[in-house]
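Okay, here's what each chain looks like letter by letter:
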Amino acid sequence: MNPRYLPRDPEGRMNRLVEEVGEVMIEAGALLQLIGKARRFGMESTHPDGGPTNREAIIAKMDDLRREMGDLEKAGYLVETDLLDDLKGQKAREAVSERA
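Residues numbered from 1 in each chain as written. Predicted model: local features only at pLDDT ≥ 70, side-chain atom pairs only at ≥ 80, totals over all residues. Heavy atoms only, no water.

### Brief notes about the environment of valine 18
Now for step 1: Within the element layout of this structure, valine 18 appears in helix α1 (residues 16–41).
Now for step 2: Taking relative accessible area as the criterion, valine 18 reaches 24% and is therefore assigned partly exposed.
Now for step 3: Between the alpha carbons of valine 18 and arginine 8 there is a distance of 9.2 Å; along the sequence they are 10 residues apart. (Helix = DSSP H or I, 4+ residues; strand = E, 2+ residues; numbered from the N terminus. Buried < 20%, exposed > 50% of the residue type's maximum accessible area, 1.4 Å probe, protein only.)

Given below as structure tokens:
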């Protein structure tokens, strides 16, 4: 992600939650796309020009997703309630700024 376009908190610091959740969502979406491709063409099929099988691509993408989820945990969002509390706080700040 381009840091220039990432949301910032009221003090101007980058909002790590939005950044990390966004990365997890990107990887999860890519994994779902690969699973759909594998369901359509089979786990052992490859692109006509070559490359990994769908099975290998799914395993690699699962590793990417795990890595991004680990980054989310390292950012301090270890417990679901922490994540939800931060999201609620962000929504409240956005609502206040919209009224101003």
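### What about the side chain of glutamate 68?
Now for step 1: Here glutamate 68 shows up in helix α2 (residues 54–74).
Now for step 2: Setting aside its immediate chain neighbours within four residues, glutamate 68 contacts Glu20, Glu23, Val24 and Glu27. (Contact = heavy atoms within 4.5 Å.)

### A closer look at the environment of lysine 37
Now for step 1: Tracing the backbone through its elements, the reader meets lysine 37 in helix α1.
Now for step 2: Take lysine 37: its relative accessible area is 33%, and that puts it in the partly exposed class.
Now for step 3: Expressed as a C-alpha distance, the spacing of lysine 37 and isoleucine 58, which sit 21 residues apart in the sequence, is 9.9 Å.
Now for step 4: Other than its neighbours up to four places away in sequence, lysine 37 contacts Gly42 and Asn54.

### Focus on α1
Now for step 1: In this model α1 runs 38 Å from its N-terminal to its C-terminal C-alpha over 26 residues, within 8% of the 38 Å that 1.5 Å per residue would give.
Now for step 2: Inspection of α1 places Leu17, Glu19, Glu20, Gly22, Glu23, Val24, Glu27, Ala30, Leu31, Leu34 and Ala38 among the buried residues, and these make up the whole buried set.
Now for step 3: Looking one or two residues beyond α1, the residue adopting positive phi is glycine 42, at roughly 105 degrees. (Expected span 1.5 Å × (residues − 1).)

### Concerning the confidence of the model for the protein
A low pLDDT means the predicted coordinates there should not be read in detail.
Now for step 1: On average, residues of the protein score 80 in pLDDT, and 66% of them are at 70 or above.
Now for step 2: Across the protein, α2 holds the top mean pLDDT of 92, while helix α3 (residues 80–99) sits lowest at 62. (pLDDT = per-residue confidence, 0-100.)

### Some points on the nonpolar core
Now for step 1: With nine residues, the main nonpolar core is built from Leu17, Val24, Leu31, Leu34, Ala38, Ala57, Ile58, Leu65 and Leu72.
Now for step 2: The element best represented in this core is α1, accounting for five residues.
Now for step 3: Those residues in contact with alanine 57, other than ones at most four positions away along the chain, are Leu34 and Pro52. (Core = buried A, V, L, I, M, F, W, Y, C linked by side-chain atoms within 4.5 Å.)

### A word on the packing of α1 against α2
Now for step 1: The geometry of α1 relative to α2 is characterised by a closest axis approach of 9 Å and an angle of 165 degrees between their N-to-C directions. Relative to α2, the element α1 lies roughly antiparallel. Crossing of α1 over α2 shows left-handed handedness.
Now for step 2: Taken together, the residues of the contact of α1 with α2 sort by class into 16 nonpolar, one polar and eight charged. (Axes fitted to C-alpha atoms, helices over the stretch in contact; angles between N-to-C directions. Parallel < 35°, antiparallel > 145°, perpendicular 65-115°, else oblique. Left-handed = near helix turned anticlockwise from the far one by under 90°. Nonpolar A, V, L, I, M, F, W, Y, C, P; charged D, E, K, R; others polar.)

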